[in-house]
Amino acid sequence: EKEGYDHFMLKEIHEQPKGLYETLNRRIEKDGSIKLDGIHLTKEDIENFNKVFIVACGTAYHAGLVGKFILENLAKIPVEIDVASEFRYRDPFVDDKTLFIAISQSGETLDTLAALREAKRKGARILSVVNVVGSSVARESDDVFYTWAGPEIAVASTKAYTTQLMCMYLIGLYMGRKKGVVSDEKYAQYMSELKQIPDKLANLLEGESAIHDLAKELYKREQVFFIGRGADVGVSYEGSLKLKEISYINSFAIAAGELKHGTIALIEKDTLVIALATQDKLYEKMLSNIQEVKARGAYVIGVAKEGNKEIEKQADRVIYIPDCMDEVSPFLSVVPLQILAYYIAKERGCDIDKPKNLAKSVTVE
Ligand code: M6R
């Protein structure tokens, strides 16, 4: 059932264009508007919320980090985010004006389920973004929005993450439209960008062998830093988690602007830094961050949009992603990081689909 791929992870990486196409297109009506099957939020409900709380674990939490950006930008509502194991024990301020969004591939993660129950007890409206149909999180939610990723077998989550992102954009657009804060023009621009994502991803996947070559060069490293700004911060966290969980390399992600507040002390000659610089608005800032680490001798792999060539002057190597609007770049920038993690783990001879000490769904505390 691996359909010719060596591992489920690689197969699932390649299934992303299809999963994203399904997650998006099943929700678009003939007139171009969004239909959120499984979600029964009326205009009044949406206007009644004064806050969104996103709660999840691991990769799903990283989808939430990008989701926070998107919801604040589109639905114009304050968004808090927490990992489920913290949320459930810290008596967070949640009431009947809170929209609680749980994100979970399996729908069986115990911490996420316990956090959901806690939010429900406090009166929040519970919406979940889930992949497994009929799972516990789905059953206990008021509204369920399914990712159409299909079954995800590999412990390292890939297609669930990108389809979770797609759901967050759709929820943001839907809420923003109902509230009247997303103009026709902005809506059309987002829709056009989102519709192009599956094909752009398919193109990106054609460049897989170049990333494999890069992995052959890097697989003996024992430490990696991921840095980024804006929407790239969440992607840095995800790239770092992917790498550490399957290759056992000590990897660390940090907002690039935070480096100078301590972590830069660890950057020395030949330290490997993966610098995401996909945000046009923050490009110059990222270039200075790259300069900062280069000045200390770091070996830098940049990730940038096609056409933004200035980065070549500073980074040692550059991975290009197709050009797109800043706000949708996480779909495209995460994929080279998934592939890099995969091939690095493969070169290191790791058991990629079943990394040590990890389970596909964590149903214990
Ligand atoms: O099934 P869930 O999405 O609730 O799982 C959450 C995390 O356990 C999961 O994303 C984990 O971090 C993955 N191994 C990451 O690849």
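Data block above holds the structure.
Definitions and limits used
- Residues numbered from 1 in each chain as written.
- Predicted model: local features only at pLDDT ≥ 70, side-chain atom pairs only at ≥ 80, totals over all residues.
- Heavy atoms only, no water.
- Core = buried A, V, L, I, M, F, W, Y, C linked by side-chain atoms within 4.5 Å.
- Buried < 20%, exposed > 50% of the residue type's maximum accessible area, 1.4 Å probe, protein only.
- Helix = DSSP H or I, 4+ residues; strand = E, 2+ residues; numbered from the N terminus.
- Contact = heavy atoms within 4.5 Å.
- Salt bridge = Lys/Arg side-chain N within 4 Å of Asp/Glu carboxyl O.
- Disulfide = S-S within 2.5 Å.
- Near = heavy atom within 4 Å.
- Polar contact = N/O pair within 3.5 Å; in protein donor to acceptor, adjacent residues only side chain to side chain.
- Areas by Shrake-Rupley, 256 points an atom, 1.4 Å probe, with all protein chains shown as cover.

Student: Can you break down the nonpolar core residue by residue, with the values?
Tutor: Counting residues in hydrophobic clusters, the biggest one holds 92 residues, and the most contacted among them are Ile101 and Phe331. Of the residues forming this core, the biggest block, twelve residues, is contributed by helix H13 (residues 329–347). Other than its neighbours up to four places away in sequence, Phe331 contacts Leu20, Thr162, Leu165, Met166, Tyr169, Leu194, Ile197 and Leu201. Within the second largest apolar cluster, 20 residues are counted, among which are Ala275, Met286, Ile290 and Ile311.

Student: Explain the side chain of Thr112 to me, using residue names and the numbers behind them.
Tutor: On the secondary structure map, Thr112 appears in helix H6 (residues 110–121). The residues contacting Thr112, other than those within four sequence positions of it, are Val55, Ala56, Cys57, Ala84, Ala102, Ile103 and Ser104.

Student: Talk me through the pattern of salt bridges; I want residue IDs and the actual numbers.
Tutor: Within this structure, the stated rule accounts for 30 salt bridges. Lys346 is the partner of Asp6 in a salt bridge, and the nearest nitrogen-oxygen pair spans 2.7 Å. Taken together, the positions of Asp6 in the segment before helix H1 (8–14) and Lys346 in helix H13 put the pair 340 residues apart, joining distant regions of the chain. Classification of Asp6 as partly exposed rests on a relative accessible area of 46%.

Student: Account for the state of the cysteines, with residues named and values stated.
Tutor: Applying the stated rule across the entire model yields zero disulfides. Distance from the sulfur of Cys324, which forms no disulfide, to the nearest cysteine sulfur (Cys167) is 19 Å. Residue classification places Cys324 among the buried positions, given a relative accessible area of 7%.

Student: How would you summarise the site of the ligand if you had to cite specific residues and measurements?
Tutor: Taken together, 14 residues are adjacent to the ligand, and Ser104, Gln105, Ser106, Thr109 and Glu245 come closest. Take Thr109: an N or O atom from its side chain is 2.5 Å from an oxygen atom of the ligand. At 3.1 Å from a nitrogen atom of the ligand is found a main-chain nitrogen or oxygen belonging to Val155. About the coverage of the ligand: the protein hides 91% of its 420 Å² of free accessible area. Only helix H4 (58–75) and helix H11 (231–247) provide two or more residues apiece to the shell around the ligand.

Student: I'd like a rundown of the environment of His62, residues and numbers included.
Tutor: By the element assignment, His62 lies in helix H4. For the pair formed by His62 and Ala255, sequence separation is 193 residues and the distance between their alpha carbons is 14 Å. Residue contacts for His62: discarding those within four places in its chain leaves Tyr161, Gly234, Tyr237, Glu238 and Leu241.

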